[in-house]
Amino acid sequence: MTGAVPSPTAPVVGVVLAAGLSRRLGQPKQLVPLAGQTLLWHSTRAMLDAARAGRDAAIPLRAQVGRSNWVGERTEGQADPGTVLFVSALEAVLEADPSEPGSTLL
């Protein structure tokens, strides 16, 4: 494995800033197009790439605390369920068709 392994106690947080009145710009900043997508889409995509890297970096590790520690070697080589869920949610947001009713707007 190459690269740094995140500390098991350090939370990974993704924040997409998408607020403000955009008075000077005249339109919501997060919806400004860039390379065929919105700025919000690009921000979410960067968060997804980071989440995937974190998920993949943790696969060869064995849990030292919590429920995963109790099952022993079976946890080695498995992705963290919480990270898998977060990655799946971001993938769904990015793949949503904005023209579908109830879809997420990116």
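What comes next is a walk through the structure. (Residues numbered from 1 in each chain as written. Predicted model: local features only at pLDDT ≥ 70, side-chain atom pairs only at ≥ 80, totals over all residues. Heavy atoms only, no water.)

Brief notes about the overall build of the chain
The number of helices and strands found in the chain is three helices and two strands. Along its sequence from the N terminus, the chain presents helices and strands in the succession β-β-α-α-α. Buried positions account for 16% of the 106 residues belonging to the chain. In the form shown here, the chain has an accessible surface area of approximately 7900 Å², with 58% of it arising from carbon and sulfur atoms. (Helix = DSSP H or I, 4+ residues; strand = E, 2+ residues; numbered from the N terminus. Buried < 20%, exposed > 50% of the residue type's maximum accessible area, 1.4 Å probe, protein only. Areas by Shrake-Rupley, 256 points an atom, 1.4 Å probe, with all protein chains shown as cover.)

Focus: the side chain of Ser-22
Of note, Ser-22 is situated in the segment before strand E1 (33-34). A relative accessible area of 6% places Ser-22 in the buried class. In this structure the side chain of Ser-22 is engaged in a polar contact, spanning 3.2 Å, whose partner is the backbone nitrogen of Lys-29. Not counting residues up to four positions away in its chain, the partners in contact with Ser-22 are Gln-27, Pro-28 and Lys-29. (Polar contact = N/O pair within 3.5 Å; in protein donor to acceptor, adjacent residues only side chain to side chain. Contact = heavy atoms within 4.5 Å.)

Considering helix H3 (residues 81-95)
The terminal C-alpha atoms of H3, which comprises 15 residues, lie 21 Å apart, in line with the 21 Å expected from a rise of 1.5 Å per residue. All buried positions along H3 are accounted for by Val-87, Leu-90 and Leu-94. Along the long axis of H3, the arc covered by the buried residues comes to 65 degrees, so they all point the same way. Set apart from the buried face of H3 by more than 90 degrees, the exposed residues are Pro-81, Leu-85 and Glu-95. (Expected span 1.5 Å × (residues − 1). Arc of directions from axis to C-beta.)

Considerations on the environment of Ala-58
Considering the arrangement of structural elements, one finds Ala-58 in helix H1 (residues 39-58). A relative accessible area of 29% means that Ala-58 is categorised as partly exposed.

Topic: the environment of Val-87
Position of Val-87 among the secondary structure elements: in helix H3. Judged by relative accessible area, which is 1%, Val-87 ranks as buried. The spatial distance from the C-alpha of Val-87 to the C-alpha of Ala-50 is 9.4 Å, given a sequence separation of 37 residues. Dropping the residues within four chain positions of it, Val-87 is found in contact with Leu-48, Ala-51, Arg-52 and Arg-55.

Quick look at unusual backbone geometry
The phi dihedral of Ala-35 is positive, around 55 degrees, even though this residue is not glycine. Checked against the element boundaries, Ala-35 lands in the loop between E1 and strand E2 (37-38). For Ala-35, a relative accessible area of 72% corresponds to the exposed category.

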